[in-house]
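Listed below, chain by chain, are the residues.
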Amino acid sequence: MSQTPEHLAAYLTQEPRTYHGWDPVNEAMIRHWCDAMDDRNPVYTDPVAAAQSVHGGLVAPPTMLQAWIMRGYGGEWGPGSDRREPFAMLEELEKLGYPAVVAVNCEQEYHRYLRPGDRVYYRSRIESISEEKTTALGVGFFITELGEYFNQDHEPIGTMRFRVFKYRAHPAQQSADPRPAPSEKPAAPQRMRPVRNRDNTFFWEGVDRGELLIQRCGVCQTLRHPPSPMCPHCQSLEHDTVKASGRGVVHSFVVMHHPAIPPFDYPNPVILVELEEGTRLVSQMEGLPAGKIRIGMPVEVVFREVEDGLQLPLFRSAEEA
Ligand code: ZN
């Protein structure tokens, strides 16, 4: 294995870059987050209960750390931010022949609670670059970005380490390289293939057979989705599955307009279905324009091969039935 190239190592000693959030910590974003996560801890959303807690008032969920400094759709951070990319070295690696990238893992640590009105900024630097490594995906470098988060008084809030693998795919997997060779006509973009792993293979094999399966705890019988190794209710690792009826209702939906990412058609409605068994899954509605979708609408599953070799559970309105 070769050593880390010297010009990459130079990134390790660069000054951290500072990025500011657009909005102060605020109750509206906290409420949306708690709603999406189904986190009902009252210290986040109930001012009366929060006042009586050890916090003495509302606080933000620590896991929202990154939410406060997300950039806008145009790609810009809040006023006063560094205008350079925190991960600029990835572009350099592309020029060196490592075009593909995959996120590896993310670790967060929390030091202090944030409260409504606080302003957040973070400092980003490249913490580590591996030597060139060979993995099942290809040959490349593991790169870790360290983000250190602070409030308006420059007190540390937390840290986030985000690790990626920037690589050149093995020859057999050159299709993973998003850039076509110059002479080739670019292939039509395809949907991301679901990653099948030990925890979720049962689900996708069910979809292949035209069955919608729900994971069930082997001890307390609680149903859960998406598939995961441990029961969140009783922490058992035992599980089996039940076959869903395929009926449910639209629990929520969004209609994506921007940014338009191939291969989807826009506007692109994405629905969250609550199955009659009680679990929810994200899917798409078939045969209904975005403007006709509404919350509470009864739906039923249909299995469709949306692209060659990719069968997905979609839903259609069950109202006529
Ligand atoms: Zn359980």
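As a starting point, this report considers the structure included with it. (Residues numbered from 1 in each chain as written. Predicted model: local features only at pLDDT ≥ 70, side-chain atom pairs only at ≥ 80, totals over all residues. Heavy atoms only, no water.)

Another point: the layout of surface pockets. The volume enclosed by the second largest pocket comes to roughly 820 Å³. Taken together, 27 residues make up the lining of the second largest pocket; nearest its centre are Asp 35, Ala 36, His 251, Leu 272 and Arg 280. If you list the elements that add at least two residues to the lining of the second largest pocket, you get helix 2 (27-37), strand 8 (223-224), strand 10 (247-256), strand 11 (268-275) and strand 12 (280-283). Counted by class, the lining of the second largest pocket contains 13 nonpolar, eight polar and six charged residues. (1 Å grid on protein atoms, 1.4 Å probe; cavity = no way out; pocket = protein on both sides within 12 Å on 5 of 7 lines; lining within 4 Å. Points joined across faces, edges and corners; volume = space filled by probe spheres on them. Helix = DSSP H or I, 4+ residues; strand = E, 2+ residues; numbered from the N terminus. Nonpolar A, V, L, I, M, F, W, Y, C, P; charged D, E, K, R; others polar.)

Leu 212, Leu 275 and Phe 315 are the most contacted members of the largest nonpolar core, which totals 25 residues. Breaking this core down by element, the ones donating at least two residues are helix 6 (201-209), strand 7 (213-217), strand 11, strand 13 (298-307) and strand 14 (310-317). (Core = buried A, V, L, I, M, F, W, Y, C linked by side-chain atoms within 4.5 Å. Buried < 20%, exposed > 50% of the residue type's maximum accessible area, 1.4 Å probe, protein only.)

The subject of this paragraph is empty space enclosed by the protein. Here the structure, examined in full by the defined rule, presents three cavities of 30 Å³ or more. Estimates place the volume of the largest cavity at around 100 Å³. Along its surface, the largest cavity is lined by Tyr 11, Gln 14, Glu 15, Arg 17, Glu 85, Pro 86, Phe 87, Ala 88, Met 89, Ser 124, Arg 125 and Ile 126. Per element, the largest residue contribution to the lining of the largest cavity is three residues, and it comes from strand 3 (residues 121-129).

This part takes up the sheet that holds strand 10. Reading across the sheet, the five strands line up as 12-11-10-13-14 and stay open at both edges, with antiparallel pairing between neighbours. Strands with a single pairing partner mark the edges of an open sheet, and in this sheet they are strand 12 and strand 14. Between one strand axis and the next, the sheet turns by 35° as a mean value, whatever way the strands run. Pairing of strand 10 with strand 13, which is carried by three bridges, proceeds in the antiparallel orientation. Each residue of the ladder has a partner; that of Val 249, found in strand 13, is Pro 298. This element, helix 6, spans strand 12, strand 13 and strand 14 of the sheet and lies at about 70° to strand 14. (Pairing = 2+ DSSP bridges. Axes fitted to C-alpha atoms, helices over the stretch in contact; angles between N-to-C directions. Contact = heavy atoms within 4.5 Å.)

Geometry only, nothing functional implied.
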